[in-house]
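# An overview of the molecular structure
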Amino acid sequence: MEKKRIAFDLFVFEHDNELSQNEQKLLHTAEVARENAYAPYSRFKVGAAVLLENGETVIGNNQENASYPSGLCAERVAIFQAGARFPGVAIKAVAISAAAMDHVVDQPAAPCGNCRQAIMEYEQKQQSPITILLKAEKGPIFKCSSMADILPLAFNSSFLGDS
């Protein structure tokens, strides 16, 4: 047997002003997008902002449905919109902002497994890392250098054979 350790560097910032101006702007855009989320069931609003290599920013927010599986997370709304509107343009960063309607969220919420897989697909497709910025209403800001950091051992097209 061989034991291997998988680890990554998580950058933790106490204040927005510790980030670059572009990162601050992207997080602010995610916060604005969060306010328009449709979350009557979970009462948990999430906004996402995707920064593309061409300088465009694409937003998304969670869209819920009474038939729960029919809803979609903010991250996938934004990522899929970016892919549809700007095919072939690399994604540089994704900022995600989360807040609850009935209590204060003071720790960043990481993307769910489905969103991690969707973002990872784009990272693998473009063969370059996507920076992930996470922020709640209050508390620290987390920064990951790549989706591969928070989705180790990711499933990808190599498992499907010659493609």
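Up top is the structure these notes are about.
Definitions and limits used
- Numbering of residues starts from 1 in each chain and follows the order in which that chain's sequence is written.
- Restriction of local features to residues with pLDDT of at least 70 applies here, the model being predicted, together with a cutoff of 80 or more for giving and counting side-chain atom pairs; totals for whole chains, interfaces and linings are based on all residues.
- To obtain the side-chain values, all non-hydrogen atoms of the structure were included, while hydrogens and water were left out.
- Comment: elements are numbered from the N terminus, with helices defined as DSSP H or I runs of at least four residues and strands as E runs of at least two.
- By this rule, a helix spans an expected 1.5 Å times one less than how many residues it contains.
- Any two residues whose heavy atoms approach within 4.5 Å at even a single point are treated as in contact.
- Whenever a nitrogen or oxygen atom comes within 3.5 Å of another N or O atom, the pair is scored as a polar contact, on the condition that within protein one atom can donate a hydrogen and the other can accept it, and that pairs from neighbouring residues in sequence are kept only if both atoms are in side chains.
- With a 1 Å grid laid over protein atoms only, a set of points is called a cavity when a 1.4 Å probe fits there but cannot get out and a pocket when it is open yet has protein on both sides within 12 Å along at least five of seven lines; lining residues have an atom within 4 Å of a point.
- Grid points are joined across faces, edges and corners, and a volume is the space filled by probe spheres set on the points.
- The nonpolar class holds Ala, Val, Leu, Ile, Met, Phe, Trp, Tyr, Cys and Pro. Asp, Glu, Lys and Arg form the charged class, and all remaining residues, Gly among them, are polar.

Looking now at helix α3 (residues 113–126). Between its first and last C-alpha atoms α3 spans 20 Å; for 14 residues at 1.5 Å apiece the expected length is 20 Å, and the two agree. Where the residues of α3 are buried, they touch α2 (74–85), β4 (91–100), β5 (131–135) and α4 (147–150). Gln-127 occupies a position one or two residues after α3 and carries a positive phi of about 55°.

Turning next to the side chain of Lys-45. Take Lys-45: it is sitting in strand β2 (residues 44–52). A distance of 3.1 Å separates a polar side-chain atom of Lys-45 from the backbone oxygen of Glu-35.

Volume-wise, the largest pocket comes out at about 300 Å³. Around the largest pocket sit 19 residues that line it, and Phe-44, Val-46, Asn-62, Glu-64 and Cys-73 are the ones nearest its centre. The set of elements that each furnish at least two residues to the lining of the largest pocket consists of β2, α2 and β4. Looking at the lining of the largest pocket residue by residue, the class counts come to 12 nonpolar, 5 polar and 2 charged.

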